[in-house]
Amino acid sequence: MQKEFTLETIHTAAAELWKELQQYKVWAFDAAMGGGKTTFIHALCDVLEVTDTVSSPTFSIINQYQTKSGRIVYHLDLYRIKDEEEAIQAGVEDVLFSGELCLVEWPEKIPGLLPDNTVHLRIETVNASARRITVHYPK
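Rules of the game
- Residues numbered from 1 in each chain as written.
- Predicted model: local features only at pLDDT ≥ 70, side-chain atom pairs only at ≥ 80, totals over all residues.
- Heavy atoms only, no water.
- Helix = DSSP H or I, 4+ residues; strand = E, 2+ residues; numbered from the N terminus.
- Rg over C-alpha atoms; globule rule 2.2 N^0.38 Å.
- Buried < 20%, exposed > 50% of the residue type's maximum accessible area, 1.4 Å probe, protein only.
- Contact = heavy atoms within 4.5 Å.
- Areas by Shrake-Rupley, 256 points an atom, 1.4 Å probe, with all protein chains shown as cover.
- Lys, Arg positive; Asp, Glu negative; His and termini not counted.
- Charge placed at Lys NZ, Arg CZ, Asp CG, Glu CD.
- Phe/Tyr/Trp six-rings, centres within 6.5 Å; stacked < 30°, edge-to-face > 60°.

**Q** I'm lost on the overall build of the chain in this one. Help?
**A** The secondary structure content of the chain amounts to 4 helices and 7 strands. Order of helices (α) and strands (β) in the chain, N terminus to C terminus: β-α-β-α-β-β-α-α-β-β-β. A globule of 139 residues ought to have a C-alpha radius of gyration of about 14 Å, and the chain, at 14 Å, matches this closely. Along the first, second and third principal axes, the C-alpha set of the chain runs to 40 × 30 × 30 Å. For the chain, buried positions account for 45% of its 139 residues. Look at the contacts in the chain between residues 6 or more apart in sequence, and 57% of them connect residues 24 or more apart. For the chain, the accessible area works out to roughly 7300 Å², and carbon and sulfur atoms hold 48% of it. For the chain, the centre of its 13 positive side-chain charges and the centre of its 20 negative side-chain charges are spaced 5 Å apart.

**Q** I tried to follow the packing of aromatic side chains on my own but got confused; where do I start?
**A** The description of an aromatic ring pair uses the distance of the two centres, along with the angle that the planes make with each other. Evaluated as defined, the whole model comprises 6 aromatic pairs. Taken together, a centroid distance of 5.3 Å and an interplanar angle of 50 degrees make the contact between Phe5 and Phe40 tilted. Of the two residues, Phe5 sits in strand β1 (residues 2-6) while Phe40 sits in helix α2 (residues 37-47), which places them 35 residues apart along the sequence. Overall, the relative accessible area of 6% leaves Phe5 in the buried class. Look at Phe40 and you get buried, because its relative accessible area is 0%. Relative to Phe29, the ring of Trp27 lies with its centre 6.4 Å away and its plane at 35 degrees, an arrangement referred to as tilted. Trp27 sits in the buried class, given a relative accessible area of 0%.

What follows is the structure, encoded as structure tokens:
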């Protein structure tokens, strides 16, 4: 599945993806630096009615948010992780297998830790104002 979006349509794209992919607990986002991962995750958290401030967890590695309905959403930014052992020490594995929704930036840092049923989302730049998100379903 592919969807194109702009900042004006990002919430619609996020809502459509949530409707299609909500059965998956781990969403791995792949994009170049500045490619829109955090922006899309922020829009998705708006759709999920997250009540906490959504921000990139670059330094904390893991942010935990709560929705209006009381559900937990984890947002992981693994950019600063050196290897899977460091990720395990930071609690990443516990979060990935918590049963809660986990939105992961830079998943290529921990390929051996991602659950088999992880859905992968690739964000690519179409032009200065548009992005394309491609969904790769688990095998």
